[in-house]
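As a plain string of letters, each chain reads:
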Amino acid sequence: MIELPDANFQSDLTREELSLLLNLGERLNSELDPNNILSLVAELACKIIGAETLALPMVDLDEKTYTYRAAYGKHAELLQEKTFPTFDGACGWVIKHQRPLLFGAGGDFEMRMDAHWLPGQASSLLVPLMCRGAIIGGLSAMGKIGNVPFDQHDQTMLTLIANQAGIAIDNARLFQKLSLEESRLRLVLDSAGEAIYGVDLDGLCIFANPSCLRLLGYERQEDLAGKLMHNLIHHTYPDGRPFPVAECKVRLSVRNGEYVHVENELHWRADGTAFPVEYWSRPIYRDGKLDGAVVTFIDITERKLTEEKILRLAYFDPLTNLPNRRLLMDRFKQALIASDRSKELGALIILDLDNFKTINDTLGHDIGDQLLILVAQRILDNIRQEDTVSRLGGDEYVVMLENMGTDPITASNQAEMIAEKIRNALALPYMLSDKLQAHYSTCSFGITLFQGHKVPIETLFKQADVALYQAKDAGRNAIRFFSPEMQAAIDSRSEMETTMRNGLLHNEFQLFYQPQIDIDGEIIGAEALLRWFPRDQESVLPIQFIPVAEEVGLIIPLGLWVMETACAQLKAWENDPRTRHLKIAVNVSARQLRQLEFVKQVQDALEFSGANPSLLKLELTESVLLEDVDDIVERMQQIKLFGVTFSLDDFGTGFSSLSYLKRLPLDQVKIDQSFVRDIHTDPNDAAIVRAIIAMSHSLGLKVIAEGVETKSQLNFLKNYGCAHFQGYLFGKPMPIEEFEKLLKRI
Ligand SMILES: Nc1nc2c(ncn2[C@@H]2O[C@@H]3COP(=O)(O)O[C@H]4[C@@H](O)[C@H](n5cnc6c(=O)[nH]c(N)nc65)O[C@@H]4COP(=O)(O)O[C@H]3[C@H]2O)c(=O)[nH]1
């Protein structure tokens with residue numbers, strides 16, 4: 001409604017003026033477009049005050065100019081959209097002084113001659129147009145109809161109109177600003193990747209953005225608006241239990257006015273499927289009162305999948321999908337806690353495929369992998385769901401059985417029965433590829449029982465490992481339980497380790513030399529064999545301490561010492577014509593050869609001693625073939641470049657196969673003493689010896705037989721073409737002094 005100044009003034013108004021003013025008020029109230037308001041004001045003001053022309057000069061944004069944004073009446077077209085500087089003309093004056101300006105026909109206003117002074121214009125009336133106390137333009141009436149000057153009544157009327165116009169413009173601008181803000185907000189909501197919805201105090205949906213509709217599988221806002229959101233997205237827990245509204249975190253946020261962040265919850269879609277979400281619910285306050293909440297949520301399916309993938313990689317073996325060592329350890333700790341409480345026994349079974357390395361090397365890694373997968377599956381098929389199977393790496397698997405009762409005998413029987421069941425399953429044929437025939441594999445098992453925390457985890461694993469080695473020693477494909485005797489062996493091993501370390505520091509080791517003979521009975525060299533004479537103790541046999549040294553890594557410093565001592569011996573023999581041609585064979589264990597720096601160690605030993613490399617022979621056992629053969633071959637080739645030769649020890653007892661023999665850059669093969677021993681009594685051994693000799697010759701390798709104790713063994717070997725020998729028949733391993741005496745005797 002238009003505001004009228006006072007009663008006196010009102011009585012001065014004509015009926016028509018009053019109705020025009022009221023009409024103006026009504027029309028302005030319903031208009032929200034500022035341009036329309038200006039046009040309306042120009043028209044109605046023109047009519048109300050009876051002006052010939054009425055225009056609205058509006059200050060431009062730079063405030064340096066003004067433009068007639070609206071005009072009505074006789075000269076409207078001349079003025080419409082014309083721009084003038086604010087220092088110019090009567091309008092400029094009104095804008096500058098923010099006061100009305102009224103001058104009559106004979107008036108001497110100096111700006112009458114200005115460019116926008118209308119031709120024949122008699123009287124003019126200008127009033128400022130203010131909005132929120134700031135000048136935004138003016139209302140300029142030019143020439144009163146009837147050729148009379150504008151008077152004070154007109155000025156008041158026009159001021160009154162200008163006030164109303166100012167308010168209407170302000171409203172329209174506010175409305176425009178609000179609309180802009182709303183449309184921006186809508187744009188943000190519509191383009192947000194996050195799903196956003198709002199709920200009122202009752203949890204009813206008040207809006208939902210397109211992402212929210214899309215993620216929840218609805219098409220239209222109306223599908224959600226006014227509905228109880230909890231019933232749509234939360235109705236049940238993943239396991240099917242109802243999800244009471246009292247437990248709904250969004251409701252909590254609405255009821256208590258709390259900010260809520262939920263990291264992992266399921267939301268249900270319209271089609272009845274569910275997906276994991278993370279959401280944030282923020283309470284909305286209106287005039288200080290809680291009014292509802294705005295909830296933002298994101299679909300975290302991808303994140304969950306990635307997390308699961310990471311978890312799988314961290315806790316599962318990627319090849320077989322079985323728990324890996326880390327997860328096994330976790331479960332084992334839990335099992336020990338549970339067993340501590342219940343006093344029930346459990347069993348730890350370590351099993352290992354026999355000869356897996358050969359399968360991998362001969363059939364390829366893909367086939368080897370295939371076998372490992374099938375083995376995992378067969379083990380799983382033969383245990384209870386609550387038991388754990390894990391692959392520790394390579395071909396080693398662990399089965400952990402729980403809740404086996406409190407009687408050790410019953411638990412042992414049960415564990416053995418399960419191991420037997422697994423062994424039978426693993427012995428069945430494997431179809432590893434379309435191109436291969438059925439493959440057969442055997443397995444060795446080591447078992448130990450556990451009950452609570454009586455024995456630490458590491459010891460339990462050691463126990464099962466020891467039992468596994470016993471099973472392997474027993475010819476593989478066997479099941480062995482850990483026993484107190486085995487524990488005694490473990491204890492004495494660790495004791496030996498300590499004394500051996502001290503022994504190395506206190507020079508308790510010595511090299512013995514066993515002669516190697518040619519077909520004419522001449523000593524052509526010696527095998528250097530390690531002896532240990534611990535202080536205050538009886539001497540220890542290599543067969544006892546070498547495996548321990550290998551296990552604990554002491555073989556590396558020990559082996560280095562052997563190599564350096566043998567090289568020094570070769571150098572010492574160089575000056576004597578009777579010894580300078582002698583070769584020394586040095587045993588090298590797999591662990592030594594596996595070290596990256598082994599080649600350098602050999603080179604250093606030779607250089608430091610100055611020994612002739614061609615007199616140094618390195619004896620490898622077949623166990624080196626358990627490792628990556630390509631690596632070993634490369635290392636051997638580097639060493640051969642120095643002039644050093646290689647002999648393969650204990651040939652025929654282990655993994656020897658023709659393919660290995662062809663790949664390794666060997667110079668000599670040593671027939672194992674076990675074949676030589678029974679050469680006369682066991683026709684098989686005799687046949688093997690003959691075959692080894694023939695095969696080695698066809699590959700261009702020399703052959704030496706060890707363990708020759710009798711003349712008849714010697715003759716047999718000579719008859720089949722063996723030209724080098726070693727054994728008690730020629731001399732036992734002896735200290736260097738004795739060996740040198742023997743040389744002088746011969
Ligand atoms: N019954 C019988 N035995 C005979 C006869 N001739 C030689 N022997 C024994 O057979 C073994 C031959 O050594 P090996 O096969 O390399 O087997 C060696 C070798 O594998 C290992 N070993 C010895 N010294 C070293 C060493 O310096 N480094 C490494 N890595 N291993 C060594 O210990 C094993 C056992 O060594 P030793 O007890 O010295 O036992 C020696 C030797 O004394 C015989 O006619 N009859």
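Residues numbered from 1 in each chain as written. Predicted model: local features only at pLDDT ≥ 70, side-chain atom pairs only at ≥ 80, totals over all residues. Heavy atoms only, no water.

Per an unreviewed UniProt entry, the protein carries the name Bifunctional diguanylate cyclase/phosphodiesterase and comes from Sulfuriferula nivalis. If you open the UniProt record of the protein and go to Catalytic activity (unreviewed entry), you find "3',3'-c-di-GMP + H2O = 5'-phosphoguanylyl(3'->5')guanosine + H(+)". (UniProt positions renumbered as here; feature names shortened; annotations may be inferred.)

Caption draft 1: Examining the site of the ligand more closely. Taken together, 21 residues surround the ligand, and among them Gln 514, Arg 531, Gln 673, Glu 709 and Tyr 728 come closest. Residue Glu 706 places a side-chain N or O atom 3.4 Å away from an oxygen atom belonging to the ligand. The side chain of Glu 709 places a nitrogen or oxygen atom 2.5 Å from a nitrogen atom of the ligand. For the shell around the ligand, the secondary structure elements donating two or more residues are β18 (523-532), α17 (542-552), α18 (555-573) and β21 (645-651). Ranked by residue count, the leading element in the shell around the ligand is β18, at four residues. Class assignment for the residues of the shell around the ligand results in nine nonpolar, six polar and six charged. (Near = heavy atom within 4 Å. Polar contact = N/O pair within 3.5 Å; in protein donor to acceptor, adjacent residues only side chain to side chain. Helix = DSSP H or I, 4+ residues; strand = E, 2+ residues; numbered from the N terminus. Nonpolar A, V, L, I, M, F, W, Y, C, P; charged D, E, K, R; others polar.)

Caption draft 2: Broad picture of the sheet that holds β18. Spatial ordering of the closed barrel is given by β17-β18-β19-β20-β21-β22-β23-β24, a layout of eight strands whose pairing is mixed. Taken pair by pair, the neighbouring strands of this sheet meet at an average axis angle of 30°, ignoring direction. As judged from the five bridges shared by strand β19 (residues 583-588) and strand β20 (residues 616-620), these two strands associate in the parallel manner. Residue pairing in the sheet places Ala 585 in a bridge with Lys 617 of β20. (Pairing = 2+ DSSP bridges. Axes fitted to C-alpha atoms, helices over the stretch in contact; angles between N-to-C directions.)

Caption draft 3: Highlighting helix α24 (residues 683-698). For α24, built from 16 residues, the straight-helix expectation of 22 Å at 1.5 Å per residue is met to within 8% by its first-to-last C-alpha distance of 22 Å. Listed as buried for α24 are Asp 685, Ala 686, Val 689, Ile 692, Ile 693 and Ser 696. Around the axis of α24, the buried residues are gathered within 125° of arc, so they sit on the same side. Along α24, the residues that are exposed and aim more than 90 degrees away from the buried face are Pro 683, Asn 684 and Ser 698. In this fold, the buried residues of α24 make contact with β21, β22 (668-671), α23 (673-677), β23 (702-706) and α25 (711-719). By the N-cap criterion, in which a side-chain oxygen at the helix start approaches the backbone nitrogen of a residue two or three places on, α24 is capped by Asp 682, the distance to Asn 684 being 2.8 Å. Positive backbone phi, at 75°, marks Gly 700, one or two positions downstream of α24. (Expected span 1.5 Å × (residues − 1). Buried < 20%, exposed > 50% of the residue type's maximum accessible area, 1.4 Å probe, protein only. Arc of directions from axis to C-beta. Contact = heavy atoms within 4.5 Å.)

Caption draft 4: Examining helix α12 (residues 356-363) more closely. Turning to α12, its buried residues number three or more, namely Phe 356, Lys 357, Ile 359 and Asn 360. Looking straight down α12, one finds that the buried residues subtend no more than 165° of arc, so they occupy a single side.

Caption draft 5: Just the environment of Gly 700, in detail. Structurally, Gly 700 can be placed in the loop between α24 and β23. Each C-alpha atom, one on Gly 700 and one on Leu 666, is 9.4 Å from the other, the two residues being 34 residues apart in sequence.

Caption draft 6: Region of the structure containing the confidence of the model for the protein. In this model, the protein carries a mean pLDDT of 89, and residues with pLDDT of at least 70 account for 94%. Element-level pLDDT for the protein is lowest in helix α1 (residues 7-12), with a mean of 53, against a maximum mean of 98 in strand β24 (residues 724-726). Across residues 1-5, confidence stays below pLDDT 50; counting only partners more than four residues off in sequence or on other chains, it has 17 contacts. Below a pLDDT of 50 lies the segment residues 105-115, which in the model reaches 19 contacts outside its immediate sequence neighbourhood of four places, other chains included. For this predicted complex, the interface confidence comes out at an ipTM of 0.95, alongside a pTM of 0.49. (pLDDT = per-residue confidence, 0-100.)

Caption draft 7: The nonpolar core, seen in detail. By size, the foremost hydrophobic cluster in this structure holds 79 residues, and its most contacted members are Met 500, Val 602, Leu 616, Leu 618, Ile 671, Leu 717 and Phe 739. Among the elements that make up this core, the one with the highest residue count is α18 (eight residues). In this structure, Leu 40, Leu 56, Ala 141 and Ala 168 belong to the second largest nonpolar core, which totals 37 residues. (Core = buried A, V, L, I, M, F, W, Y, C linked by side-chain atoms within 4.5 Å.)

Caption draft 8: Region of the structure containing the pairing of β21. Across the seven residues that make up β21, a large majority, six, are buried. Judged from the four bridges that link them, β20 and β21 form a sheet pairing that is parallel. Of the residues in β21, the one forming a bridge with Lys 617 is Thr 645. Looking at chain direction, β21 and β22 are connected through three bridges and run parallel. In the sheet register, Leu 648 faces β22, and the bridge partner there is Val 669.

Caption draft 9: Here's a closer look at the sheet that holds strand β5 (residues 124-131). A sheet is described by the order of its strands in space; here six strands give the open sequence β3-β2-β1-β6-β5-β4, paired in antiparallel fashion. Of all strands in the sheet, those bounded by a partner on one side alone are β3 (83-85) and β4 (101-103). Between one strand and the next, the sheet's axes are offset by a mean angle of 25°, whatever the strand orientation. Sheet strands touched by helix α3 (residues 34-49): β1 (51-59), β2 (65-73), β5 and β6 (134-144). Its angle to β1, the strand with the most contacts, is close to 145°. Relative to the sheet, helix α5 (residues 89-97) contacts β1, β2, β4, β5 and β6, its axis offset from that of β5 by approximately 40°.

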